[in-house]
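Take a look at the letters that make up each chain.
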Amino acid sequence: MSEKSIKCVHLVHFSPSGSTEKIIRKIASGIQGVEVKNHNLLPSAARKKQYVFGKEDLVIYGSLSAGMLFTKAEEIFGCLQGNDNPVHRCGFLVSFKTRQPKLRRRI
């Protein structure tokens, strides 16, 4: 994939805490000279829209590993459509978060 053939990078994410969005923004920051559009699918109204990506678009999708606990896959992916967009121009990122156990002070 050539950077020169990419006109726009679309950051599509479902990130309740915002950490997955930060990761895909960091990935996109390595691509110079292109327009970057942000599509936050967390609000249900955003998932009712239709997003169509063309052959000059690069789509980077990010979601937390437990995203399906919040909504159905059809609702998230049903609003995304590739129009002449080759599969190699779509990147998927799933983030995992582990919680650090709280240490309690003994008295």
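Residues numbered from 1 in each chain as written. Predicted model: local features only at pLDDT ≥ 70, side-chain atom pairs only at ≥ 80, totals over all residues. Heavy atoms only, no water.

(A) Focus on the overall build of the chain. Helices and strands together make up the secondary structure of the chain, namely 2 helices and 6 strands. Going from the N terminus to the C terminus, the chain shows its helices and strands as β-α-β-β-β-α-β-β. Counting only residues that meet the buried cut, the chain has 35% of its 107 residues in that class. Pairs at least 24 residues apart make up 84% of the contacts formed inside the chain by residues separated by at least 6 positions. For the chain, the computed accessible surface area is about 7700 Å², with 54% contributed by carbon and sulfur atoms. (Helix = DSSP H or I, 4+ residues; strand = E, 2+ residues; numbered from the N terminus. Buried < 20%, exposed > 50% of the residue type's maximum accessible area, 1.4 Å probe, protein only. Contact = heavy atoms within 4.5 Å. Areas by Shrake-Rupley, 256 points an atom, 1.4 Å probe, with all protein chains shown as cover.)

(B) Examining the nonpolar core more closely. Grouped together as the largest cluster of nonpolar side chains are 10 residues: Val12, Phe14, Leu41, Ala46, Tyr51, Phe53, Val59, Tyr61, Ile76 and Cys79. Listing elements by their share of this core, those giving two or more residues are strand 1 (8-14), strand 3 (51-53) and strand 4 (57-64). Core analysis: the second largest hydrophobic core is formed by 9 residues, Ile6, Val9, Ala28 and Leu58 among them. (Core = buried A, V, L, I, M, F, W, Y, C linked by side-chain atoms within 4.5 Å.)

(C) Examining the side chain of Asp57 more closely. Relative to the elements of secondary structure, Asp57 occurs in strand 4. Lys37 provides the closest opposite charge to the buried, unpaired Asp57, separated from it by 7.0 Å. A distance of 2.7 Å separates a polar side-chain atom of Asp57 from the backbone nitrogen of Gly54. (Lys, Arg positive; Asp, Glu negative; His and termini not counted. Salt bridge = Lys/Arg side-chain N within 4 Å of Asp/Glu carboxyl O. Polar contact = N/O pair within 3.5 Å; in protein donor to acceptor, adjacent residues only side chain to side chain.)

(D) Quick peek at the environment of Ala46. When you line up the elements, Ala46 lands in the loop between strand 2 (35-40) and strand 3. Owing to a relative accessible area of 10%, Ala46 belongs among the buried residues under this scheme. Not counting residues within four places of it along the chain, the set of residues in contact with Ala46 comprises Asn40, Leu41 and Tyr51.

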